[in-house]
Amino acid sequence: MQDTPDIADRHDAVCVIGAGASGLATLKSLREQGFSVDCYERETSVGGAWNWRHDRSPVYSTAHLVSSRPLTEFPDFPMPDDWPDYPHHSQLLGYLERYSEHFGLRDDIWFGTEVVSVTPAGDGRWDVTTRSVGGGAERVQRYAAVIAANGHNWAPKPFTVDTSEFRGRVMHASAYKDPAQLRGRKVLVIGGGNTGCDIAVEAAQQAEKVWHSTRRGYWFAPKYLFGRPADQMLPPRLPLRFRQKLYRWMVRLTAGDLTRYGLPAPDHRPYESHPVVNSQLAYYLGHGRITAVGDVASMEGSTVELSDGKRIEPDLVITATGYLPRFEFLAPELLDVDEDGRPDLHLHAFARRHPTLAVIGLLQPDAGLLPLAHWQSVAVARWLRLRIDDPAKAAAVQQKESVRPVRSWSRLQVVPSSRHWFEVGHTDYLRAVEDLLKHMEPAS
Amino acid sequence: MSSQLLRFEDWTAPVPPVRREVLSALPHPDEKNPPLLFVPGLGHGAWAFREHWLGHAASRGFSAYALSPRAAGSLRAYVHDVVQVAAGLPRQTVLIGHGVGALVVSHALARYPAKAAVLAAPVLDGWPALGAALRTNPFGTLPAFFGGGLGLSRKQLYSPGCTYERKLTREPTAVYRSVLTASRPAAPVGSPPVLVVGSPDDKIVTRKALDRTAARFGGAPLLFPGMGHDLMLDTEWQEPIDAIIDWLEKELLA
């Protein structure tokens, strides 16, 4: 391709941003609907968050999946059935690499290229400005549609306590890669999500002393129940209220009441925040290897003061505050972003006022993300195809769908937090997508 | 039809893994063609394709694999195994099913976006096939109704002058029942081209059934008169496999 300042028109081609799990699924679904696709990936290989070889990947050496294989694999490309119930993160990267190889997706991916801006060019088309990560001139190309699959686990959520006067080391969980970093240290882990609990458990095995600070109580689901992966044992067919009851019962039977160890009691019902799947935290709390503490109030010198006035002296603080979705290349109004920075999208995927703009993978399901991202991408690809094949029907579908609020398909009262607003129940979500797919089916 | 999105059965009761028998013949050098996966019907194993078709496909530049059905299987388990093997191959795979193997393939197409599919002498609907079997081989077929297992005879499967009768295995009646009571497969994913081949002289798959199956996939069957049900073992085995590969080469160019 030549390097020209003028806009290259790519006609009916679709631009996909990101070649992680969601981007790869989108690329494949669009191709199956006959679109030509340009996919831009700023790293030099596929895998996104699971591509541990690059700095922005959040995975650490010991990370395993927290949802079991059947609930995590792509629905049309199963993982090998002799893999463990909860594969290691490197197996997931291998799986994504095989997926892109198997379907020949690499031919359409521009590696080492980042998307600088996406602006409407009128008529539903988009001008996409890209730049080589290594530097070089920017290039603008015009596309018929843009699908952002840029992930939501790479931009760390800032830690709000002032750490400038603290003498110990402070790092975000994204910088934590290997248990060797914890060996012999006095570690404070902040954050009760899956990452925070995983790191606390690892610290319990490696560090000299471990404190685990959590602001809110969580439901700690076990990985196994009656010798089977726990997520395979909870009948997903049941209504939400029943499942919440069963979940409470399961947690009572396994982890039990953790307030005894000083952990706060959950302030929400099961499924309303991202489920934390960890069987080992309670074990190490019980062995005194982890001390549960409350919120951090201030950090100064060698001391960390907690909200209850207690003082501790860690020399390593790991903030597992989570990550925030970011779409720097899109003007906020295109995604109807509210004052708290949350996009308002139909099914957390379709831009309500721009029928050729969508986001894939912006979900926190109570199961694996890949199946949901797959069906999202199938819906988006079929939608773009319908706009071409049957504009009248597409207009009718859009009129009906674009105004549906999130609560029309999700009964969850999610915890109001910058991390939990895109929490979804995977069965509710799939039902809503299935509904949309049925609306788009050609009349036979 | 059950939902393709909400797969409760696969989530809560996954098919248990087994060691699968996969035979293969590979071309030298690798031509970058899509791999072919042959799926035999009941009573047969991967051996049925090793006789002629695997080697011939490889000689025409296609890596060819054949999968034996697992012991004590079911339609669901067979479909699972086909999708597992196909997804494990390096490139998007062409699924080729024979007999009941074609039924397995038609279900697998809803679970895996195959590059293309071929249904050879397909038994997609078990009832007419059962009727045809009763007519040509009542003594082999009747015991199946009483749990005795289904016997297949030479007359049913082969044209005169050809027999592999002694290599056939008996499947438990439960397997046949799961085939007879199978629900209609969901629509294929990824809209692969599908070819139906068969013989008008097949004693198991009637001409009418062939036409019906081909019509379901929007075409007409490719016919090889004079051949028995087991196209891949017949003395004239080369004709259908050459026709299949010719069709495939044309489809891959399109």
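What counts and how
- Residues numbered from 1 in each chain as written.
- Chains lettered and ligands numbered in written order.
- Predicted model: local features only at pLDDT ≥ 70, side-chain atom pairs only at ≥ 80, totals over all residues.
- Heavy atoms only, no water.
- Helix = DSSP H or I, 4+ residues; strand = E, 2+ residues; numbered from the N terminus.
- Rg over C-alpha atoms; globule rule 2.2 N^0.38 Å.
- Buried < 20%, exposed > 50% of the residue type's maximum accessible area, 1.4 Å probe, protein only.
- Contact = heavy atoms within 4.5 Å.
- Areas by Shrake-Rupley, 256 points an atom, 1.4 Å probe, with all protein chains shown as cover.
- Lys, Arg positive; Asp, Glu negative; His and termini not counted.
- Charge placed at Lys NZ, Arg CZ, Asp CG, Glu CD.
- pLDDT = per-residue confidence, 0-100.
- Buried area = accessible area lost by both parts, 1.4 Å probe.
- Salt bridge = Lys/Arg side-chain N within 4 Å of Asp/Glu carboxyl O.
- Polar contact = N/O pair within 3.5 Å; in protein donor to acceptor, adjacent residues only side chain to side chain.
- Axes fitted to C-alpha atoms, helices over the stretch in contact; angles between N-to-C directions.
- Parallel < 35°, antiparallel > 145°, perpendicular 65-115°, else oblique.
- Left-handed = near helix turned anticlockwise from the far one by under 90°.
- Nonpolar A, V, L, I, M, F, W, Y, C, P; charged D, E, K, R; others polar.
- Phe/Tyr/Trp six-rings, centres within 6.5 Å; stacked < 30°, edge-to-face > 60°.
- Pairing = 2+ DSSP bridges.
- Right-handed = clockwise from strand over helix to strand, strands pointing away.
- Expected span 1.5 Å × (residues − 1).
- Core = buried A, V, L, I, M, F, W, Y, C linked by side-chain atoms within 4.5 Å.

Per an unreviewed UniProt entry, chain B goes by Alpha/beta hydrolase and derives from Winogradskya humida.

Chain A carries the name Monooxygenase in an unreviewed UniProt entry, which gives Winogradskya humida as its organism.

(A) Spatial organisation of the overall build of chain B. Of regular secondary structure, chain B possesses eleven helices and seven strands. Relative to the 2.2 N^0.38 estimate, which gives 18 Å for 254 residues, the radius of gyration of chain B is 17 Å and therefore close to what a compact globule would have. Over its C-alpha atoms, taken along the principal directions, chain B stretches across nearly 50 × 50 × 35 Å. Within chain B, buried positions represent 59% of all 254 residues. Long-range pairs, those at least 24 residues apart, make up 71% of the contacts in chain B with a sequence separation of at least 6. Of the roughly 10800 Å² that chain B leaves accessible, carbon and sulfur atoms contribute 55%. Of the charged side chains in chain B, 25 are positive and 21 negative; the average position of the first set lies 6 Å away from that of the second.

(B) A look at the confidence of the model for chain B. On average, residues of chain B carry a pLDDT of 88, and 91% of them reach 70 or more. Scored as a complex, the prediction yields pTM 0.92 and ipTM 0.91.

(C) Up close: the interface of chain A and chain B. Each partner contributes residues to the interface: chain A has 28 residues there, and chain B has 29 residues. Taken together, both faces of the contact between chain A and chain B bury some 2300 Å²; the carbon and sulfur share is 60%. The tally of links from chain A across to chain B stands at one salt bridge. A salt bridge links Arg-20 of chain B to Asp-81 of chain A; its shortest N-O distance comes to 3.0 Å. Across the chain A-chain B interface, the total number found is twelve residue pairs in polar contact (both at pLDDT 80 or more). Mapped onto the side of chain A that touches chain B, the elements with two or more residues apiece are α1 (21-32), α2 (89-102) and α9 (426-440) of chain A.

(D) Quick peek at the packing of helix α4 (residues 75-88) of chain B against helix α5 (residues 100-108) of chain B. Residues and elements named next belong to chain B. Orientation of α4 relative to α5, taken along the N-to-C sense of each, is 65°, at an axis distance of 9 Å. Classified by the angle their axes make, α4 and α5 are roughly perpendicular. The handedness of the crossing between α4 and α5 comes out as right-handed. In this structure, α4 contributes Leu-75, Tyr-78, Val-79, Val-82 and Val-83 to the contact, and α5 contributes Leu-103, Val-104, His-107 and Ala-108. When the residues that make up the contact of α4 with α5 are grouped by side-chain class, the tally is eight nonpolar, one polar and no charged.

(E) Up close: unusual backbone geometry. The omega torsion across His-28 of chain B and Pro-29 of chain B is -5°, close enough to zero to call that bond cis. With respect to the secondary-structure elements, Pro-29 of chain B resides in the loop between β1 (22-25) and β2 (36-39). Even without being a glycine, His-11 of chain A presents a positive backbone phi close to 55°. Relative to the helices and strands, His-11 of chain A resides in the loop between β1 (8-9) and β2 (14-17).

(F) Region of interest: the packing of aromatic side chains. All names here are of chain A. The full count for this structure, using the stated rule, is 18 aromatic pairs over all chains. Relative to Tyr-99, the ring of Phe-77 has its centre 5.5 Å away and its plane inclined at 70°; by these criteria the two rings are edge-to-face. A residue pair is termed long-range when its members are at least 10 positions apart, and Phe-77 in the loop between β3 (37-41) and α2 and Tyr-99 in helix α2 qualify at 22 residues. Accessibility expressed as a relative area gives 0% for Phe-77, which makes it buried.

(G) Seen up close, the sheet that holds strand β5 (residues 113-120) of chain A. All names here are of chain A. Read from one edge to the other, the open sheet built from four strands follows the order β1-β7-β6-β5, with strand pairing classed as mixed. Pairing within the sheet leaves two strands with one partner each, and these edge strands are β1 and β5. Judged from the seven bridges that link them, β5 and strand β6 (residues 126-132) form a sheet pairing that is antiparallel. Its bridge partner lying in β6, Ser-117 is registered against Thr-129.

(H) Expanded view of the pairing of strand β6 (residues 194-198) of chain B. All names here are of chain B. Counted residue by residue, β6 has five buried out of five residues, so it is predominantly covered. Strand direction decides the pairing type here: strand β5 (residues 116-120) and β6, joined by four bridges, are parallel. Bridge pairing in β6 links Ala-117 to Val-194. The pairing of β6 with strand β7 (residues 222-223) spans two bridges and is parallel. Note that in β7 the partner of Gly-198 across the bridge is Leu-223. Running through helix α10 (residues 207-216), the crossover from β6 to the neighbouring parallel element β7 is right-handed.

(I) Just α9 of chain A, in detail. All names here are of chain A. For α9, with 15 residues, the first-to-last C-alpha span of 21 Å sits near the 21 Å given by 1.5 Å per residue. Of all 15 residues making up α9, eleven are buried, and the element is well covered by its neighbours. Listing the buried residues of α9 in full gives His-426, Thr-427, Asp-428, Tyr-429, Leu-430, Ala-432, Val-433, Glu-434, Leu-436, Leu-437 and Met-440.

(J) Representation of α1 of chain A. Residue and element names in this part refer to chain A. With twelve residues, α1 ought to run about 16 Å at 1.5 Å a step, and its terminal C-alpha atoms sit 17 Å apart, in line with that. Taken together, the buried positions of α1 are Ala-21, Ser-22, Gly-23, Leu-24, Ala-25, Thr-26, Leu-27, Lys-28, Ser-29 and Leu-30. In this structure, the buried residues of α1 make contact with β2, β3, α2, β4 (109-111), β8 (145-148) and α7 (370-389). Following α1 by one or two positions, Gly-34 adopts a phi angle in the positive range, close to 85°.

(K) Fine view of the nonpolar core. Formed by 139 residues in total, the largest nonpolar core has its most connected members in Phe-38 and Leu-95 of chain B. Sorting elements by how many residues they give to this core places α7 of chain A first, with eleven residues. Ala-200, Val-201, Ala-207 and Ile-290 of chain A belong to the second-largest nonpolar core, a separate cluster that totals 30 residues.

(L) Up close: the side chain of Arg-7 of chain B. By the element assignment, Arg-7 of chain B lies in the segment before α1 (8-12). Summary of buried charges: Arg-7 of chain B has no salt-bridge partner, and the nearest side chain of opposite charge, Asp-10 of chain B, is 4.9 Å away. At a separation of 2.8 Å, a polar atom in the side chain of Arg-7 of chain B contacts the main-chain carbonyl oxygen of Gln-4 of chain B. Ignoring anything within four residues of it in the chain, the contact list for Arg-7 of chain B reads Pro-75 and Trp-375 of chain A together with Ala-110 and Arg-111 of chain B.

(M) Region of interest: the pattern of salt bridges. Taken as a whole and assessed by the stated rule, the structure comprises 31 salt bridges over all chains. In this structure, Glu-114 of chain A and Arg-131 of chain A form a salt bridge, with 3.5 Å as the shortest nitrogen-oxygen distance. Linking Glu-114 of chain A in strand β5 with Arg-131 of chain A in strand β6, this pair joins segments that are 17 residues apart in sequence. Judged by relative accessible area, which is 23%, Glu-114 of chain A ranks as partly exposed. Overall, Arg-131 of chain A belongs to the partly exposed group, its relative accessible area being 30%. Of the charged contacts, one joins Arg-131 of chain A and Glu-138 of chain A as a salt bridge, the two residues approaching to 3.5 Å between their closest N and O atoms. Residues participating in the shared-partner salt-bridge network are Asp-81 of chain A together with Arg-20, Arg-70 and Asp-81 of chain B.

(N) Structural context of the side chain of Asp-76 of chain A. Tracing the sequence through the fold places Asp-76 of chain A in the loop between β3 and α2. In contact with Asp-76 of chain A, other than residues within four places in its own chain, are Lys-28 and His-374 of chain A together with Arg-111, Tyr-112 and Pro-113 of chain B.

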